[in-house]
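Results of the structural survey
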Amino acid sequence: MGGTGTISTAAVARAAALGYTVTVLNRAASSVRQVPSGVEHLVADVRDPAAVATALGTRTFDVVADFLTFTPEHAHAAVELFRGRTEQYLFISSASVYQKPPARLPITESTPLRNPFWKYSRDKIACEDIFTQAFREDGFPVTIVRPSHTYDHTGLPLLFGWTDVHRMRAGLPVVVHGDGTSLWTLTHTNDFAVGFVGLFGLPVSGEAFTITSDDVLPWDAVYRSVAAAAGVPDPVLVHVASEKIAAIAPDLGPGLLGDKAHSVIFDNSRIKSLVPAFGTSIRFADAAHATLAWLVDHPQARVVNPEHMALSDRLTSL
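Residues numbered from 1 in each chain as written. Predicted model: local features only at pLDDT ≥ 70, side-chain atom pairs only at ≥ 80, totals over all residues. Heavy atoms only, no water.

1. A short note on the pattern of salt bridges
Using the criterion set out here, one finds eleven salt bridges in the structure. Note that Asp138 and Arg83 form a salt bridge whose closest N and O atoms lie 2.9 Å from each other. Taken together, the positions of Asp138 in helix H4 (residues 119–138) and Arg83 in the loop between helix H3 (72–82) and strand E4 (89–92) put the pair 55 residues apart, joining distant regions of the chain. Given a relative accessible area of 38%, Arg83 falls into the partly exposed group. Across the pair Arg283 and Asp215 runs a salt bridge, and its minimum N-O distance is 3.6 Å. With Arg283 in the loop between helix H10 (269–274) and helix H11 (284–297) and Asp215 in the loop between strand E9 (208–211) and strand E10 (216–218), the pair connects residues that are 68 residues apart, well separated along the chain. Residue classification places Arg283 among the partly exposed positions, given a relative accessible area of 37%. Where salt bridges share partners, they join Glu80, Arg83 and Asp138 into one cluster. (Salt bridge = Lys/Arg side-chain N within 4 Å of Asp/Glu carboxyl O. Helix = DSSP H or I, 4+ residues; strand = E, 2+ residues; numbered from the N terminus. Buried < 20%, exposed > 50% of the residue type's maximum accessible area, 1.4 Å probe, protein only.)

What follows is the structure, given as structure tokens:
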């Protein structure tokens, strides 16, 4: 369910390449990421259970991979729709559900789930609870997967995206939250797909797995990697406290205070023990060049946002 998003596209491609018969269910074809040739594409709005039931017909599955459940209501509907229809149900949760701020590093699957800063994360926790209850009560075959910041060649992990690249190239100051030294884990979607698809068919119902890279960088290094790929050897980085950014731009607060403001290093021992092929083959410093090359070829994605320009000017002048 999904299949053309940042995380799911690579999973679909890997499953198809490994010889699985793959069906994608979503609302429509993506203009950015295509469904691979040979993959069945069913069109229905997952928020309309009747439409999904019609699209699925009498199909049953060995594995259902759910990239589209975000709220408790979605989770309840998914359990009702797929109970008895699949042997394995992989729910994409989020590593942001882990305790914030983390009491200790590295973060493991046993780290408490608590995020008072971000409703998105609290909703994912609630979804996990619903799926886990369904497993305990009637054996619903859920496996919970928790990715962290997963990226592909179409996006930049910067506060203001392409606007930040524009500012770098213009010699303008660019906002980096915090002091630039907190650690962040970036996972390329192709690496994630190896671990995720590796779980297909394994007897892991009722279990949870963190699937992230071992590519851990301080935020200053993230920005400098993008700057280097953009041909800017010495970007002007201005550090602004996350709390101050949240106060001035409240819409940015939950994602910062509930996730990016904290150092996160993850222990991937569990997934590596079951999927030996999983590892970190793509480093962000290298992938940044591919992203900049893609953006050069897609001018519609190179948007300089005037609101982000004004907010950057305000924050860097504090």
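Moving on, there is more to tell.
2. Re the side chain of Thr69
Within the secondary structure layout, Thr69 lies in the loop between strand E3 (64–66) and H3. When its relative accessible area of 3% is taken as the criterion, Thr69 is described as buried. A polar contact is formed between the side chain of Thr69 and the side chain of Asp66, at a distance of 2.5 Å. Other than its neighbours up to four places away in sequence, Thr69 contacts His74, Ala75, Ala78, Tyr89, Phe91, Ile92, Lys124, Cys127 and Phe131. (Polar contact = N/O pair within 3.5 Å; in protein donor to acceptor, adjacent residues only side chain to side chain. Contact = heavy atoms within 4.5 Å.)

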